[in-house]
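In case you want the letters, here they are:
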Amino acid sequence: MARVTRFPDDLVERMPGGDAITLIVLDGVGGLPHPATGLTELESARTPNLDAMAVESSLGMQVPIAPGITPGSGPAHLALFGYDPARYLIGRGVLAALGVGIRLREGDVAARLNLATLDGRGRVTDRRAGRPGNAEGRRLVRRLREGVTAPPGVDLHFQHVMEHRAVMVLRGDGLGAEVSDTDPQRTGVPPRPPGAPDGDAASARTAEAAGRILEQAAEVLAGEPVANGVLARGFAEYRAPPGFARRYGLKAVAVARYPMYRGVARLVGMEAAGIPDSDGEAVELMRAAAGHADFRFFHYKATDSRGEDGDFEGKVGAIEAMDHLLPGLDDGGVVIVTGDHSTPATMAAHSWHAVPLLIRSRRARPTGRRLTENACRRGDLGTIAARHIMSLALAHAGRLAKFGS
């Protein structure tokens, strides 16, 4: 019997059963032509496995947020999961907290922290404290947990994330999240005091509490030779969106090496399948999930990292490395390959450009030979909003009924 489920803009009937769905996200995969060759990173890469899949697939382009809007990773992933990113605004602090497994409650406020280096006059000299290893980062965050106390009426939790990154969670009545970053995003200047908009009493309470906490943190770390300061950014309040399983009737598992992407998956109720230390371990976790998950999400970071470095050849190499992993991710059901946004190496940053999209299924209408920007622009899917990919995935999996009589 069909069940009714509500998408952001649609009312559809969801059919029981159907094929499994695998979503493979090559972070920042979209690119622009290299000035010397006229080829994008995807066009330059040798990708025999992606090419073989493209021959059996529908191709198109997807716009993560809206035309001309450069997306952040959080809202872009929410769109890929079928949530309207303009309706469900989720800050990076919350995603960082969820990514390391913190169980948040409605109304909690979370912020991302950087361990940083300050000079004798309190000016930032290194926003990342020399990128300490994970063991050192955990030691420093442990010092914060032991030495910093929250103001009355506020519960405080610190947790290490990765290298120089940590997260701070504030819990208490009447907290708001419209709080400005203390990270000045440059060196040679002191950290900024946290502030709140005029008339926003809840956010002002959070800003005051955060200010006192960060002052104590600086005192606790003052004797450290390198990481002697803390910078905060991305204050966000936790409000849970509708759950993935309830919306789509799918048991979902996420595999991501980076905490932020596990966070956005957990936000919508996906199970995070462990914490892989390598891409090979991530593939093994995906294989293990194939037998008990209807929906598997796999995140691959290197394409975005090399793009943001401005390293064109490095991004080509990352695409080729991902191509070698692809056979281990294909369980024979519906496979979607796309990115959360474009990160052209020629721009060394996220961009607003549309992102290549591939959907392989036994119901696909094959329209291409390669997963490239030019091939996808000619594909049968056209250019669609990213938040509609989930309805296409369900249709290709045979999980949606006809709409209307």
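My aim in this report is to walk through the structure given alongside it, one point at a time. Just so you know, these numbers come straight off a predicted model, no measurement behind them.

### Let's talk about the overall build of the protein chain
No. 1: Across its full length, the protein chain carries 13 helices and 15 strands.
No. 2: Taking the principal axes of the C-alpha coordinates as reference, the protein chain spans close to 65 × 55 × 40 Å.
No. 3: For the protein chain, restricting intrachain contacts to residue pairs at least 6 apart in sequence, the fraction spanning at least 24 positions comes to 75%.
No. 4: Looking at the protein chain as shown, the accessible area adds up to about 17000 Å², and 49% of this sits on carbon and sulfur atoms.
No. 5: Side-chain charges in the protein chain split into 49 positive and 47 negative, and the spacing between the mean points of these groups amounts to 3 Å.

### Things to note about helix α8 (residues 259–267)
No. 1: Judged by how many residues are buried, α8 sits mostly within the fold: eight of nine residues are covered.
No. 2: The complete set of buried residues in α8 reads P259, M260, Y261, R262, G263, V264, A265 and L267.
No. 3: Of the surrounding elements, those touching the buried residues of α8 are α3 (73–80), α4 (92–99), β7 (155–162), β10 (252–255), β11 (271–272) and β12 (295–300).
No. 4: With its phi angle positive at about 95 degrees, G269 sits one or two positions after the end of α8.

### Details of the side chain of D19
No. 1: Topologically, D19 is positioned in the loop between β2 (11–14) and β3 (21–26).
No. 2: When its relative accessible area of 18% is taken as the criterion, D19 is described as buried.
No. 3: Reaching out from D19, the side chain makes a polar contact with the side chain of R363 at a distance of 3.1 Å.
No. 4: Here D19 is in contact with V334, R362, R363, H396, A397 and R399, once residues within four sequence places are set aside.

Rules of the game
- Residues numbered from 1 in each chain as written.
- Predicted model: local features only at pLDDT ≥ 70, side-chain atom pairs only at ≥ 80, totals over all residues.
- Heavy atoms only, no water.
- Helix = DSSP H or I, 4+ residues; strand = E, 2+ residues; numbered from the N terminus.
- Contact = heavy atoms within 4.5 Å.
- Areas by Shrake-Rupley, 256 points an atom, 1.4 Å probe, with all protein chains shown as cover.
- Lys, Arg positive; Asp, Glu negative; His and termini not counted.
- Charge placed at Lys NZ, Arg CZ, Asp CG, Glu CD.
- Buried < 20%, exposed > 50% of the residue type's maximum accessible area, 1.4 Å probe, protein only.
- Polar contact = N/O pair within 3.5 Å; in protein donor to acceptor, adjacent residues only side chain to side chain.

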